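Listed below, chain by chain, are the residues.
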Amino acid sequence: MSKSDPLSNSQKNPWTVLSREVRYENPWLRVVHHEVLRPNGSPGIFGTVELATVAVGVLPVAANGDTWLIGQWRFGAGRYSWEIVEGGIPQAGPKALTPLAGAAEELREEAGLSADRWLEIQRMDMSNSISNEHARLYLAWDLAEVPVAPDETEQLTIRRLPLRAVLDMVLSGEIADAMTIAAMLRVRLMHLEGTLPPDVAPLVAAGFEA
């Protein structure tokens, strides 16, 4: 690929890091100050946020095509948000989980559901200009109810809606959460292209036709 090809992911890093200093750190993230040489060779600074977790999102689909949204106040954004099941999963230490195991735990804690069938549908970089946060999105079905168990930072509202209703919320801008938008549009595309697994395709079709 040529240097100007936007699809190339093999380009050499043009930044030179002269020094790196952690300015703030907690169990979930650290803020790092870098002294750098910019791509044009001039001196500069760059601040990054490094996450100790991987973000996961789960779009559960019931037998009739319904899904579940979680409503909560997002401290960082300063507003209420309707989202699919989401969470940050530790990648190191005694509480570390694989992304899929963490997604199953979040589904249980936030929506009171377990799923026998799972499909990873998307991987995303969440804010790659300043952060290393990476996300994985899953479709889940063959559901059963289990006790909900939100953690101490969460005050949640649960809504059960047809997939079509959630897609309308995405398209109207009522839902602004990136993982929810990506999951809904990805599943809608898979539905239209006929690439969903055969056992979940009728469930998704029912949800979009509701």
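Below is a short write-up of the structure. (Residues numbered from 1 in each chain as written. Predicted model: local features only at pLDDT ≥ 70, side-chain atom pairs only at ≥ 80, totals over all residues. Heavy atoms only, no water.)

### Topic: the pattern of salt bridges
Under the defined criterion, the tally for this structure stands at 13 salt bridges. The salt bridge involving E21 is made with R23; its shortest N-O contact spans 3.4 Å. Given the relative accessible area of 42%, E21 is considered partly exposed. The residue R74 makes a salt bridge to E83 at a minimum N-O spacing of 2.7 Å. Looking at R74, the relative accessible area reads 29%, which means it is partly exposed. You can call E83 buried: its relative accessible area is 1%. Through salt bridges with shared partners, a single ionic network connects R20, E25, R30 and E50. (Salt bridge = Lys/Arg side-chain N within 4 Å of Asp/Glu carboxyl O. Buried < 20%, exposed > 50% of the residue type's maximum accessible area, 1.4 Å probe, protein only.)

### Observations regarding helix α3 (residues 178-193)
The end-to-end C-alpha distance of α3, which contains 16 residues, comes to 22 Å, matching closely the 22 Å that a straight helix rising 1.5 Å per residue would cover. Of the residues making up α3, those classed as buried are M179, T180, A182, A183, M184, V187 and M190. The first or second residue beyond α3 is G194, which carries a positive phi of 70°. (Helix = DSSP H or I, 4+ residues; strand = E, 2+ residues; numbered from the N terminus. Expected span 1.5 Å × (residues − 1).)

### Some words on the sheet that holds strand β6 (residues 79-83)
The strand order across the open sheet built from 3 strands is β6-β5-β10, with neighbouring strands paired in antiparallel fashion. Edge positions in the open sheet fall to β6 and β10 (157-162), since each of these has one partner strand only. Pairs of neighbouring strands in the sheet enclose a mean axial angle of 25°, with direction left out of account. Of the strand pairs in this sheet, strand β5 (residues 66-74) and β6 are connected by 5 bridges, and their pairing is antiparallel. Within β6, the position partnered with Q72 by the bridge is S81. (Pairing = 2+ DSSP bridges. Axes fitted to C-alpha atoms, helices over the stretch in contact; angles between N-to-C directions.)

### Digging into the pairing of β5
Looking along a regular strand, one sees the side chains alternate between the two faces of the sheet. Among the 9 residues of β5, 7 are classified as buried, and the element is accordingly described as predominantly covered. The hairpin turn running from β5 into β6, its antiparallel successor, is 4 residues long, and G78 in that turn takes a positive phi close to 75°.

### Quick look at the environment of H191
In this structure, H191 sits in helix α3. Expressed as a C-alpha distance, the spacing of H191 and G57, which sit 134 residues apart in the sequence, is 19 Å. Residues within four places of H191 in sequence aside, it is in contact with L196, V204, A205 and F208. (Contact = heavy atoms within 4.5 Å.)

### Here's the deal with unusual backbone geometry
Peptide bonds are, in most cases, trans, and in most cases residues other than glycine have a negative phi. Of note in this structure, D142 is not a glycine but carries a positive phi near 55°. Considering the arrangement of structural elements, one finds D142 in strand β9 (residues 134-145).

### Brief notes about the sheet that holds strand β8 (residues 113-125)
Strands pair in a sheet through their backbones, by hydrogen bonds, and they do so in one of two ways: parallel or antiparallel. Across the sheet, which stays open at both edges, the 4 strands sit in the order β7-β4-β9-β8 with mixed pairing between neighbours. Where the open sheet ends on each side, the last strands, each with one partner, are β7 (85-90) and β8. Taken over all neighbouring pairs, the strand axes of this sheet differ in orientation by 30° on average, direction set aside. Relative to β9, strand β4 (residues 53-60) runs parallel, the two being bridged by 6 bridges. Within β9, the position partnered with V58 by the bridge is Y138.

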